Amino acid sequence: MIKAVTGTKDILPIEIPRWNYLEEIVKKIFSQFNYREIRTPIFELTQLFARGIGEATDIVSKEMYTFLDRSGDSLTLRPELTASVVRAFVEHSLDKKQGLNKLFYVGPMFRQERPQAGRFRQFHQFGAEALGSHDPLLDAEMIIMAYDIIAKLGLKKLVVKINSLGVPSAREEYKTVLRDYLNQHLDKLSEESKKRLELNILRIFDSKDERDKSVMKAAPLLIDYLDSESIDHFEKVKSALQNASVPFQVDATLVRGLDYYTHTTFEVVSGSVGSQSALCGGGRYNGLVKELGGPDLPGVGFAAGMERILLACENENSFKAEEEKTDVFIITIDKTLQGFSFQTALALRRSDLIVETDYLSRSVKAQMREANRLNSKFVLFVGGDEFVNGEVVLKNMSNSEQKNISKGNLEEIVKLIKVN
RNA sequence: GUGAUCAUAGCUCAGUUUGGUUAGAGCAUCUGGUUGUGGCCCAGAAGGUCAUGGGUUCAAGUCCCAUUGGUCACCCCA
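Residues numbered from 1 in each chain as written. Chains lettered and ligands numbered in written order. Predicted model: local features only at pLDDT ≥ 70, side-chain atom pairs only at ≥ 80, totals over all residues. Heavy atoms only, no water.

Focus on a nonpolar patch on the surface
Link 1 in the chain: Taken together, the side chains of Ile42, Phe43 and Phe67 present a nonpolar region at the surface, about 260 Å² in accessible area.
Link 2 in the chain: Looking at where Phe43 falls in the secondary structure, it is placed in strand 2 (residues 43–45). (Patch = residues over 30% accessible without salt bridge, like charges linked within 9 Å, V, L, I, M, F, W, Y side chains within 5 Å. Areas by Shrake-Rupley, 256 points an atom, 1.4 Å probe, with all protein chains shown as cover. Salt bridge = Lys/Arg side-chain N within 4 Å of Asp/Glu carboxyl O. Helix = DSSP H or I, 4+ residues; strand = E, 2+ residues; numbered from the N terminus.)

Thoughts on the sheet that holds strand 3 (residues 66–68)
Link 1 in the chain: Pairing in this open sheet of three strands is antiparallel, and the strands run 2-4-3 from one edge to the other. At either end of the open sheet lies a strand with only one pairing partner, and these are strand 2 and strand 3. Here the average twist between neighbouring strands, direction ignored, is 35°.
Link 2 in the chain: Summarising the sheet, strand 2 and strand 4 (residues 74–77) pair through three bridges and their orientation is antiparallel. Counterpart to Glu44 in the pairing with strand 4 is Thr76.
Link 3 in the chain: Sheet strands in contact with helix 2 (residues 46–53) are strand 2, strand 3 and strand 4, and its direction is about 80° off that of strand 2. (Pairing = 2+ DSSP bridges. Axes fitted to C-alpha atoms, helices over the stretch in contact; angles between N-to-C directions. Contact = heavy atoms within 4.5 Å.)

Re the packing of aromatic side chains
Link 1 in the chain: Inspection of the entire model under this criterion finds twelve aromatic pairs.
Link 2 in the chain: Connected via pairs of aromatic rings, a cluster forms that spans Phe30, Tyr35, Phe104, Phe126, Phe266 and Phe302.
Link 3 in the chain: The ring of Phe387 has Lys407 sitting right over it, with the charged end atom 4.1 Å from the ring centre. (Phe/Tyr/Trp six-rings, centres within 6.5 Å; stacked < 30°, edge-to-face > 60°. Lys NZ or Arg CZ within 6 Å of the ring centre and 35° of its normal.)

Focus: the protein's contact with RNA strand B
Link 1 in the chain: Close contacts around RNA strand B come from 48 residues, with Arg111, Arg119, Arg203, Arg256 and Ser400 the closest.
Link 2 in the chain: Each atom of RNA strand B within 4 Å of the protein belongs either to a base or to sugar and phosphate, the latter forming 53%.
Link 3 in the chain: Contact between RNA strand B and Arg111: a sugar or linking oxygen at 2.3 Å from a side-chain N or O atom of the residue.
Link 4 in the chain: Contact between RNA strand B and Arg114: a base oxygen at 2.7 Å from a side-chain N or O atom of the residue.
Link 5 in the chain: Counting only elements with at least two residues in the surface near RNA strand B, the list comes to helix 3 (58–63), strand 6 (122–131), strand 10 (278–284), strand 11 (299–305), helix 14 (364–373) and helix 15 (384–388).
Link 6 in the chain: Top element by residues in the surface near RNA strand B is helix 14. It accounts for seven residues. (Near = heavy atom within 4 Å. Polar contact = N/O pair within 3.5 Å; in protein donor to acceptor, adjacent residues only side chain to side chain.)

A short note on the nonpolar core
Link 1 in the chain: Core analysis: the largest hydrophobic core is formed by 47 residues, its most contacted members being Val86, Leu131, Leu178, Leu182 and Met216.
Link 2 in the chain: With six residues, helix 4 (residues 82–91) is the single largest residue contributor to this core.
Link 3 in the chain: When sequence neighbours within four positions are dropped, the list of residues in contact with Met216 reads Leu178, Leu182, Ile204 and Phe205.
Link 4 in the chain: By size, the runner-up hydrophobic cluster in this structure holds 46 residues, among which are Ala130, Ala146, Leu153 and Ala304. (Core = buried A, V, L, I, M, F, W, Y, C linked by side-chain atoms within 4.5 Å. Buried < 20%, exposed > 50% of the residue type's maximum accessible area, 1.4 Å probe, protein only.)

Some words on the sheet that holds strand 11
Link 1 in the chain: Spatially, the eight strands line up as an open sheet ordered 1-5-6-11-10-9-7-8, and their pairing is mixed. Each having just a single partner strand, strand 1 (36–37) and strand 8 (249–250) make up the two edges of the open sheet.
Link 2 in the chain: Two elements, strand 10 and strand 11, share five bridges in a ladder whose sense is antiparallel. Pairing of Gly281 across the sheet is with Ala303, part of strand 11.
Link 3 in the chain: The sheet contacts of helix 1 (residues 16–32) involve strand 1, strand 5 (101–110), strand 6 and strand 11, and relative to strand 6 the element is tilted by about 5°.

Remarks on the side chain of Asp327
Link 1 in the chain: By the secondary structure assignment, Asp327 is in the loop between helix 12 (306–316) and strand 12 (328–332).
Link 2 in the chain: Take Asp327: its relative accessible area is 10%, and that puts it in the buried class.
Link 3 in the chain: At a separation of 2.8 Å, a polar atom in the side chain of Asp327 contacts the main-chain amide nitrogen of Ile354.
Link 4 in the chain: Leaving out residues up to four positions away in the same chain, Asp327 has contacts with Leu353, Ile354, Ser376, Lys377, Phe378 and Ile417.

A word on the pattern of salt bridges
Opposite charge on two side chains permits them to pair, given that their charged atoms come into close proximity.
Link 1 in the chain: Per the counting criterion, the structure on display carries 20 salt bridges.
Link 2 in the chain: Here Glu91 makes a salt bridge to Arg87, at a shortest N to O gap of 3.1 Å. Of the two residues, Glu91 and Arg87 both sit in helix 4, four residues apart, roughly one turn of that helix.
Link 3 in the chain: A salt bridge links Lys194 to Glu191, with the nearest nitrogen and oxygen atoms 3.3 Å apart.

Coordinates in, geometry out; function isn't part of it.
Have a look at this one:
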């Protein structure tokens, strides 16, 4: 048997209503904030992600699905969408058409990581990017949208964490201070963190190792090294969140891995999904557009993991997505009338109803069971004495009332079904 | 990439410790409970090379080894 590739999953019909419900909420809230959907290709030139995300990041250095196409170009399945959206923004000169571009997306991403709870190799994200403004209110808007979507799904065990990484020059200065501090405590650090010291020093704050944690408790914090402009920006974000009634915690250790972040970073973390607890993450990236060959314009955005969100919803039993009910199931009593049933089903469907009929030549009892299984609101009996007399029988499945209708009178059938 | 753990019917799981007749249950499926009517109930049926390959043994679902796959965690990230 050929199985789905490691880390990929089939979303079966039974799960589709939950996905549709989530996507409806996502699209509704984004459009209320006037974000417009953008759809970019599933694959891009590899160098887009290498430059946009950062060569040294784990995503680029070991997690991308990269391949050569037949003409020898190196292509990569998108591991995230910020770089693609910025590429499209630059390529189509969207900044020339309006001052601020507010964009959102929904779709699959690909990273070759070891699967675990809430982590897959093909996974789905929704996210938003606002390109062209420095306004800290937009940083706040991102956090508010993410929070509103997740809260609308009924999730409770949430923590919104925010931090500021400031501008690159202040950050570099701080890194030197931090490196000095850590070098003094080198013997107390885990082996992992000694490597991080060279590769990505800020991430030592994220370590789950107890030794690292105790060292980091007394470490100097980036927030104390921010320039006054960055502090001002951060304060405005915080007060906007307060006014929006979004509960948040300032977490000075929230550093995030991707190269492009400046100023605000944030995460929404769930307490009900296991170890991979970040439902969404994002922040401001003021250098990225220029880095990708565009004008020197700022941006801010976030991305959320849909499998993780749905996992949290399932664990907290936070919402029920109902399958759409069948309006009428046409039951064929005499097998010779299957053609009539098929035609009637078609006519009713073209009158805007959800209709099913029998294709297995089953007994009336079996067809009734099937209608019941489909939650059909009505059944329509075709056959027997009534049919000989030119009638079909419409039965309401919730109160068992039956009514004979002239078999040619589709309008009457449609009318009776639609009032329910 | 590293580690732990698991693999028996479509699904959830007994049975493995102490190897021993035809491998079980619940749910789901199908058929029937009078000739044309669902949900509940009852009866019956179908469904498994016990992940795969090797080994030990008179005998392996059960013990040993390998492989494959799943799950969880680390790393990292949504």
